[in-house]
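# Residue-level structure breakdown
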Amino acid sequence: EGTYKASVTKLNKSDGSEAWKKEFSSNSYMEAESIAIDSQDNIYIAGEFEETVSFGNTSLQGGEGGDVFVAKLDKSNGDVLWVKDFDSQNNDEDNVEVEGIAVDDMSNTYVTGYYNGKSMSVGNFMLYDEGGEGGEGLGNAFITKFDDKGIVKWAQNIGGQNYESISDIAVNDDKIYLAGQFFKEATFKDKTLSADSYNRFLLKLEKEKPEISLKADSTTITEGGSNKITYTFTRKGEIKSELIVKFSVTGSATFNQDFTLTNALNFDGKSGEVKFKAGEETATVTLDIIDDTDVEEDETLGLELAMGSGYMLSATEVKTNITITKDEKDIIIGSGNDDDDDDDDDDDDDDDTEFTLTSKAKQTFKFKSKFKSGKSSVKFSFKSKSINQFKEIAVVTVDDDEGTIDGLSSDDEGYLEAALNRSKSIFSLLGNTPNGFGDLDIEKVLEFSSETRFRFLSVKEGTLQGVKQGKVNKSQVTISSTDFLQVTESEKNSFDLDFEGVKIKMKFDAKAKKAIGSGLQEIIEVIDLRGSEFTGKQAVKCSVNREAAYNNFVGFYKVIGEDGGMDTDGDGTADVFVGDENYTQIAVQNRITGIDLSVENQSSAEFSGEFEAGAIIVPFLIVDGNAESFEDVFFPFLGANSDGVDHVMMLGDNCFGFEDMKGGGDRDYNDFTVKIDFNVTSIVST
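Conventions adopted
Residues numbered from 1 in each chain as written. Predicted model: local features only at pLDDT ≥ 70, side-chain atom pairs only at ≥ 80, totals over all residues. Heavy atoms only, no water. Helix = DSSP H or I, 4+ residues; strand = E, 2+ residues; numbered from the N terminus. Buried < 20%, exposed > 50% of the residue type's maximum accessible area, 1.4 Å probe, protein only. Salt bridge = Lys/Arg side-chain N within 4 Å of Asp/Glu carboxyl O. Phe/Tyr/Trp six-rings, centres within 6.5 Å; stacked < 30°, edge-to-face > 60°. Pairing = 2+ DSSP bridges. Axes fitted to C-alpha atoms, helices over the stretch in contact; angles between N-to-C directions. Contact = heavy atoms within 4.5 Å. Polar contact = N/O pair within 3.5 Å; in protein donor to acceptor, adjacent residues only side chain to side chain.

## As for the overall build of the chain
- In terms of regular secondary structure, the chain is built from 3 helices and 47 strands.
- Looking at the chain as a whole, 51% of its 686 residues are labelled buried.

Listed below in structure tokens is the structure:
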């Protein structure tokens, strides 16, 4: 019992006298293990602690088994610039230990160590025990990288299944060198080392892959105009070599009918590539709109980065959505699937629609509608679950009855990445639901073109975006097959699904419409009211549930684009951006009045208010505070969160789940839930 301390002392170069000294304390145990200095003379320290450790005004919470801290100190006075910790997933039994720290010329920090137990989290990244020999649950060596702001860029296991540890690390000219020990066998990419018992290794890691991001210079374009939209692909890191980057396209717009793409390679309407020339940081693709005289609704087009070889994806800027505004007059809002043009006298809408299970082995469905143009709707309704874990369910469009994608079968290398690039989220399910939260109310409507084939995938204790960005292990993804998905046709064009303990009803419903405001919710947790569903102000009901010790607060604010930019002076352009120092303060100050949500723990409540059309409505969570007094505020935009972690998830149409612990906590997204219901009969004119 007592207080444990670690200290850092800087000595003057001239005479060795003390320039400054900083002490950091723990109520249980702490030890500083490693130290490094960057090119600007800032200091980095790493070590272990138990229970609670304090660095200035920041406190970290660890388990009895021990966690790791990494801190950056200011060269002039030793003040803490940032501090992070590593979380074992069972704080009372598992522990994480640090073995080395190094800093490169760009002030990126590399930390090595090992963890005991089944898993470890570093920021948004999850690492998992790979099993093997050398001691039960012992010695999973790892390396992780932080940028100069303390944001985790990547994390990975080192060595394979058996015991391994890393004793030292060095960084020189963008190359990383590791020294360590392994038991009997260690595998590094395609090289395997063997020994009778324990032996040592020296490892040089591959050069880090460049990071790719994507932006568009506009989010709307009008058919018939001469303007174009330019997509700019940017790579950070190594640019000396030529690089091919993949992308996919979704939305209601049709290639060579509504639009063309200039400078895109091998584009087939669904996927394509862009080439970076050697030495260039950017590459561009131009969107051109094809004018026609047809009377039709506005079209949408989403362009998203896809995984490939030789690069990694940005944590945030991976997809853009464009609205193509039609210039024809007197447009009739509607689609062919509301007309009953068969020969009978009823109004069934679906007599000629075929919705079938075409391959039992691959669990592939085919949707064939009598409406050859346009789209028809399929409604997914949650029924029940027998699991107690967070899970996201998605559909994956495929090319044939056997479920192939771009010539790849499900057993081929690269199929999972191709499936993730074609995936579209249905909804996410909580493992532990708060009192009063209605899982049975969760529904999702997706639109499919005729002749579409699709299958399913799920992500256990993680998200699609997390997998795509390398922050969630691919082993957490399951693709539908007879081993994991049971299908029963309950009636014509309707199926009951049991996907790894989650039961869902899937039904063709010609009259079903996508929920108001849900247009962007497959990629970001917001409510998009820029469409034509209504004008003026819209009455809403907010149903709130809480499963957390913190007295949390949820509010909403308006942004004008999918990147989270706010227009504070009313000129129609963004002037406050995600990442700005004052972003949090301005978002809270400019929140929508009359919708301040809070509730007692283990309780539920309902609130009413109004949202105004023409903007994107964004939720935010204030942790253990309110709009007048707060420290931690979390947004759907990762760049606005102090820890760079995702704290908001879509549980269904217009239904949000929040995680309130800094660093991601237990990632159950049930600490606070908000479901928004639009009262379509109560429109307030302005």
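## Describing the pattern of salt bridges
- Enumeration over the complete set of coordinates arrives at 22 salt bridges.
- Where R422 meets D406, a salt bridge forms, and the shortest distance between an N and an O atom there is 3.2 Å. In this pair, R422 is assigned in the loop between α1 (415-421) and β32 (423-429) and D406 in the loop between β31 (391-398) and α1, connecting sequence segments 16 residues apart.
- Among the residues examined, D406 registers a relative accessible area of 47% and is labelled partly exposed.

## Details of unusual backbone geometry
- Of note, the phi angle at E51 is positive, near 60°, even though the residue is not glycine.
- Here E51 lies in the loop between β4 (43-50) and β5 (52-55).
- With a phi close to 65°, S107 is a non-glycine residue in the positive phi region.
- Examined against the element boundaries, S107 turns out to sit in the loop between β9 (95-103) and β10 (109-116).
- Note on S107: relative accessible area 9%, which makes it buried.

## Let's talk about the packing of aromatic side chains
- Throughout the structure, instances matching the rule amount to 27 aromatic pairs.
- Judged by centre distance (5.8 Å) and plane angle (80°), the ring pair of Y163 and Y198 falls under edge-to-face. Here Y198 lies in strand β17 (residues 191-204) and Y163 lies in the loop between β14 (152-157) and β15 (164-172), a separation of 35 residues in the sequence.
- What makes Y198 partly exposed here is its relative accessible area of 43%.
- Centre to centre, the rings of F380 and F456 are 6.3 Å apart; their planes meet at 80°, and the pair counts as edge-to-face. Separated by 76 residues along the polypeptide, F380 in strand β30 (residues 375-385) and F456 in strand β34 (residues 452-460) bring together distant segments of the chain.
- Chaining the aromatic ring pairs together yields one cluster made of F233, F247, F255, F259 and F267.

## Looking at the sheet that holds β15
- If you trace the 3 strands from one edge of the open sheet to the other, you get β15-β16-β17, paired in antiparallel fashion. Lying at the two open borders of the sheet, with one neighbouring strand each, are β15 and β17. In this sheet, neighbouring strand axes are inclined to one another by 20° on average, regardless of whether the strands run parallel or antiparallel.
- Pairing analysis gives 8 bridges linking β15 to strand β16 (residues 175-188), with the strands arranged antiparallel. The residue of β16 that forms the bridge with I166 is G180.

## Details of the environment of G466
- As for its position among the elements, G466 is in helix α2 (residues 464-468).
- Separated by 341 residues in the primary sequence, G466 and F125 place their C-alpha atoms 8.1 Å from one another.

## Remarks on the sheet that holds β5
- With antiparallel pairing, the 4 strands of this open sheet are ordered in space as β1-β2-β5-β6. Each edge of the open sheet carries a strand with a single partner, namely β1 (4-11) and β6 (58-61). The mean angle between the axes of side-by-side strands here comes to 20°, regardless of whether they run parallel or antiparallel.
- By the bridge criterion, 4 bridges tie β5 to β6 in an arrangement that is antiparallel. Across the sheet, residue T52 finds its bridge partner in β6, namely Q61.

## Concerning the environment of V578
- Position of V578 relative to the elements: it lies in the loop between β41 (553-559) and α3 (583-589).
- Taking relative accessible area as the criterion, V578 reaches 25% and is therefore assigned partly exposed.
- V578 sits 60 residues away from L638 along the chain, and the two C-alpha atoms are 8.7 Å apart.
- Beyond its immediate chain neighbours, meaning those up to four positions away, V578 contacts D563, G564, Y583, F637, G639 and A640.

## Remarks on the environment of E31
- Looking at where E31 falls in the secondary structure, it is placed in strand β3 (residues 29-37).
- Through-space distance from the C-alpha of E31 to that of V68 is 9.5 Å; in sequence the pair is 37 residues apart.
- Residues within four places of E31 in sequence aside, it is in contact with G47, E48 and F69.
- For E31, the side chain forms a polar contact with the side chain of Y29, separated by 2.5 Å.

## Some details on the pairing of strand β18 (residues 211-216)
- Both β18 and strand β20 (residues 229-236) contribute to a ladder of 6 bridges, which runs antiparallel. Looking at β20, one finds that E211 is bridged to K236.
- Where β18 meets strand β26 (residues 312-313), 2 bridges bridge the pair, whose relative direction is parallel. Bridge pairing links I212 to L313 in β26.

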